[in-house]
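Structural characterization, general
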Amino acid sequence: MPQRFALMITPVDAADARDDYSDTFAPMDVEAPALSVGEFSTQRGDGVFESIGVIDGHANEVEAHVQRLAHSAEICDLPAPNLEQWRQAVATAATLVPAGEAVVKLILSRGVEHGPAPTAWATASPAPDFAAVRRGGVRVVTLDRGYDLDAARRAPWLLLGAKTLSYAVNMAALREAHRRGADDAVFVTRDGHVLEAPTASLILRIGDEFVTPAPSGGILHGTTQLSVYEHLESRGFRTRYATLTASDLAAADAAWLVSSIRLAVAITAVDGAPLASDPALTAELNAFLLSPR
Ligand code: PLP
């Protein structure tokens, strides 16, 4: 069975209601060229995306992902996606990959100049093996994000809170973390508040409570964080959103980075100082996140 797949999607209007969108999906040869050289996604990173975890053919948290795709599109002034069309694209892509852990990626680009419509596609491929990091955790460094907590409200053209294709900054932050001898980074605002990691949300345990930075525009609202909160609440734990400082992270009783494909990884050190972890709870969270949701 081939390992990677791509489906080109002809986006239809959000109001276009039909039972079956399969004739708007065209399987592509992943090795063959598929995009025009005039594509704004490749020229400017002008588009939005989602990465969805798939386990044995079941795509997790599809609704939260397609809703966030629509939210990102709205922030970027892209045409509203037809949610049912995207749900069906996810379902189709999820059946194409072999059993085990996989990733379905959805991409909605502004398309080409004067083009008839945005360009859209979905890919499906096996996920990297994250078993070791789920067990062993990550050492993080805090990195300056370069703006303050109010920037998203004050400057909406920065598109903070949208999951845009422009991840060059996020990847540069990971390289900087590696240069500093760490595995991952946590972004901190100019005014000292922790935000998120370059590809994951942050959750702290402070006493009996679980706390995550409020998604007030400057960060993505993580679908995995939402799932983890549901699980923790069902276990009787208290959860909340808050404005948290870098000192809150350093003083936490435990902390995790959570995301759709790597799932939950414990933070074992912050800026070189060890942080306590809870391996039993990390294992429990990953067992939950690996189950169909
Ligand atoms: N924050 C950023 C910047 C991300 O890139 C991601 C995921 O890629 C997340 C948070 C976590 O989001 P999710 O749990 O929906 O994967």
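Anyway, here's the lowdown on the structure attached to this text. (Residues numbered from 1 in each chain as written. Predicted model: local features only at pLDDT ≥ 70, side-chain atom pairs only at ≥ 80, totals over all residues. Heavy atoms only, no water.)

Here helix H7 (residues 223-234) spans 17 Å end to end across twelve residues, near enough to the 16 Å set by a 1.5 Å rise per residue. The complete set of buried residues in H7 reads Thr223, Thr224, Gln225, Ser227, Val228, Tyr229, His231 and Leu232. The elements touched by buried residues of H7 are helix H2 (62-75), strand E9 (201-206), strand E10 (209-213), strand E11 (238-242), strand E12 (254-259) and helix H9 (279-289). Immediately beyond the C-terminal end of H7, within one or two residues, lies Gly236, with a positive phi of roughly 90°. (Helix = DSSP H or I, 4+ residues; strand = E, 2+ residues; numbered from the N terminus. Expected span 1.5 Å × (residues − 1). Buried < 20%, exposed > 50% of the residue type's maximum accessible area, 1.4 Å probe, protein only. Contact = heavy atoms within 4.5 Å.)

One pass over the full model with this rule turns up 21 salt bridges. Of the charged contacts, one joins Asp184 and Arg262 as a salt bridge, the two residues approaching to 2.9 Å between their closest N and O atoms. Of the two residues, Asp184 is situated in strand E8 (residues 184-188) and Arg262 in the loop between E12 and strand E13 (263-270); the sequence distance between them amounts to 78 residues. We note that Asp184, like Arg262, is buried. Glu209 is paired through a salt bridge with Arg238; the nearest N and O atoms lie 3.4 Å apart. Pair noted here: Glu209 is in strand E10 and Arg238 is in strand E11, with a separation of 29 residues, a long-range link. Because the salt bridges share partners, they merge into one network encompassing Asp148, Asp150, Arg153 and Arg154. (Salt bridge = Lys/Arg side-chain N within 4 Å of Asp/Glu carboxyl O.)

It is at 10 Å that the axes of H2 and helix H3 (residues 83-94) come closest, and there the two elements cross at 130°. In terms of their interaxial angle, H2 and H3 are classed as oblique. Crossing hand, H2 versus H3: right-handed. Residues Val62, Glu63, Val66, Gln67, Leu69 and Ala70 of H2 lie in contact with H3, whose contacting residues are Leu83, Trp86, Arg87 and Val90. For the contact of H2 with H3, the class distribution of residues is seven nonpolar, one polar and two charged. (Axes fitted to C-alpha atoms, helices over the stretch in contact; angles between N-to-C directions. Parallel < 35°, antiparallel > 145°, perpendicular 65-115°, else oblique. Left-handed = near helix turned anticlockwise from the far one by under 90°. Nonpolar A, V, L, I, M, F, W, Y, C, P; charged D, E, K, R; others polar.)

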